Amino acid sequence: MSRGSRRRLPWRMLVWLTLVWLMLWGRLSTGTLLAGIAIAALVTTTLPLPAVEFQGGIHPFATARLVGRFILDLVRASIQVTLLALNPSRTPSGAVIRVHLRSESDLYLTLTAELSTLVPGSLVVEANRQTGVLHLHILDVDALGGIEKVRADTLGIEARVLRALASDDELAAAGLTRSGRDERRVEQT
Amino acid sequence: MSWDVVLDIAAAVCFVFAGLLSLAAGVGVLRFGDLLSRMHAGTKPQVLGVLLGLAGYGLRMRSGPVLWTVLLVALFQLLTAPVAAHMVGRAGYRTGKVSSDRLVVDELTSDLNRAQQDTRRTD
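So, here's what we can say about the structure. Treat the numbers as computed from the prediction; the structure is a model and nothing was measured.

## Remarks on the pairing of strand β1 (residues 94-100) of chain A
Residue and element names in this part refer to chain A.
Phase 1 of the analysis: With 6 of its 7 residues buried, β1 lies for the most part within the structure.
Phase 2 of the analysis: In the sheet, β1 pairs with strand β3 (residues 133-138) via 6 bridges, with the strands oriented antiparallel. Counted as the bridge partner of His 100 is Val 133 from β3.

Have a look at this one:
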């Protein structure tokens, strides 16, 4: 599971699961805390997951930008789908496109895929972690301004995810800068 | 106007929009022509509808335990809805439920065919 090495205790997972337990109970007491820790320990030992590689840290400003933009996009995407659903005269022209992501990390691939399903008019049909390729279904190509626009939007989501979480090395490897100015244009093949 | 009234009105507004979005999601699932388009209706308006409903509930109840539960439900909704849509779309695609001729561009079918040829060659 963790490449032959002895597994360390998954501290983050333990803390998170205990926190979820406490949130479900809605109050902090010795009893709920102890029960939470016990259940978290039980879950992590009986159902172990492969460790997620994460070298970066959370950058507050970039994270705020990621979340803010996400909420805005979610509202926009919802309105768009709603209008399309309620408009009887319009038949959307769908498409399935391929987007090459820049980062190789599973975590960022997963986050980008999740966010791009929720936000612009796209939906992940296939995700390949070996090649870092997402296949997206687009509901209405014309409404979103064409296929290249959707590709650029998806790469934009990835860039915001990377700026929020990735380390400097990972950002540089993906050809991005922390501030987002003087961005390298990524050509699609 | 006291704070309670303001918060109640905000909650009411949230509930109305939550209802409208959920209705739109339902109409979309009925009206859209193919599997993948339907999944769009099942992810975007539906997720925002649930989030607004939860926000309305949190604003109306205004208590700690409710707030925490609402936060958890919102978080897991955001995490699981795209995965569910992805799994349905993927399964549909691989079992031939998605007809390529309804699409303007289809870069996955060609990619899958190429992958199949590659695996055959290595066998």
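## What about the pattern of salt bridges?
Residue and element names in this part refer to chain A.
Phase 1 of the analysis: This model, assessed by the stated rule, comprises 9 salt bridges over all chains.
Phase 2 of the analysis: Among the salt bridges present, the one from Asp 73 reaches Arg 76, with a minimum N-O distance of 3.2 Å. With Asp 73 and Arg 76 both in helix α3 (residues 60-86) and 3 residues apart, the pair spans about one turn of that helix.
Phase 3 of the analysis: Using a relative accessible area of 56% as the deciding quantity, one classes Arg 76 as exposed.
Phase 4 of the analysis: Residue Arg 102 is joined to Glu 158 by a salt bridge in which the shortest nitrogen-to-oxygen separation is 3.3 Å. One end of the pair, Arg 102, is in the loop between β1 and α4 (106-118); the other, Glu 158, is in helix α5 (residues 147-165), with 56 residues separating them in the sequence. As far as burial versus exposure is concerned, Arg 102 and Glu 158 are alike and both buried.
Phase 5 of the analysis: Among the ionic contacts, a cluster of salt bridges with common partners joins Arg 69, Asp 73, Arg 76 and Arg 160.

## Things to note about the pairing of β3(A)
Residues and elements named next belong to chain A.
Phase 1 of the analysis: By the criterion of burial, β3 is predominantly enclosed, with 6 of the 6 residues buried.
Phase 2 of the analysis: Burial of β3 is two-sided: the residues Val 133, His 135 and His 137 facing one way and the residues Leu 134, Leu 136 and Ile 138 facing the other way are all buried.
Phase 3 of the analysis: Sheet topology note: the strand β2 (residues 122-128)/β3 ladder contains 6 bridges and is antiparallel. For Val 124, the partnering residue across the bridge sits in β3 and is Leu 136.
Phase 4 of the analysis: The hairpin formed by β2 and β3 contains 4 residues between the paired strands, and Gly 132 there has a positive phi angle of roughly 65°.

Parameters at a glance
Residues numbered from 1 in each chain as written. Chains lettered and ligands numbered in written order. Predicted model: local features only at pLDDT ≥ 70, side-chain atom pairs only at ≥ 80, totals over all residues. Heavy atoms only, no water. Buried < 20%, exposed > 50% of the residue type's maximum accessible area, 1.4 Å probe, protein only. Helix = DSSP H or I, 4+ residues; strand = E, 2+ residues; numbered from the N terminus. Pairing = 2+ DSSP bridges. Salt bridge = Lys/Arg side-chain N within 4 Å of Asp/Glu carboxyl O.

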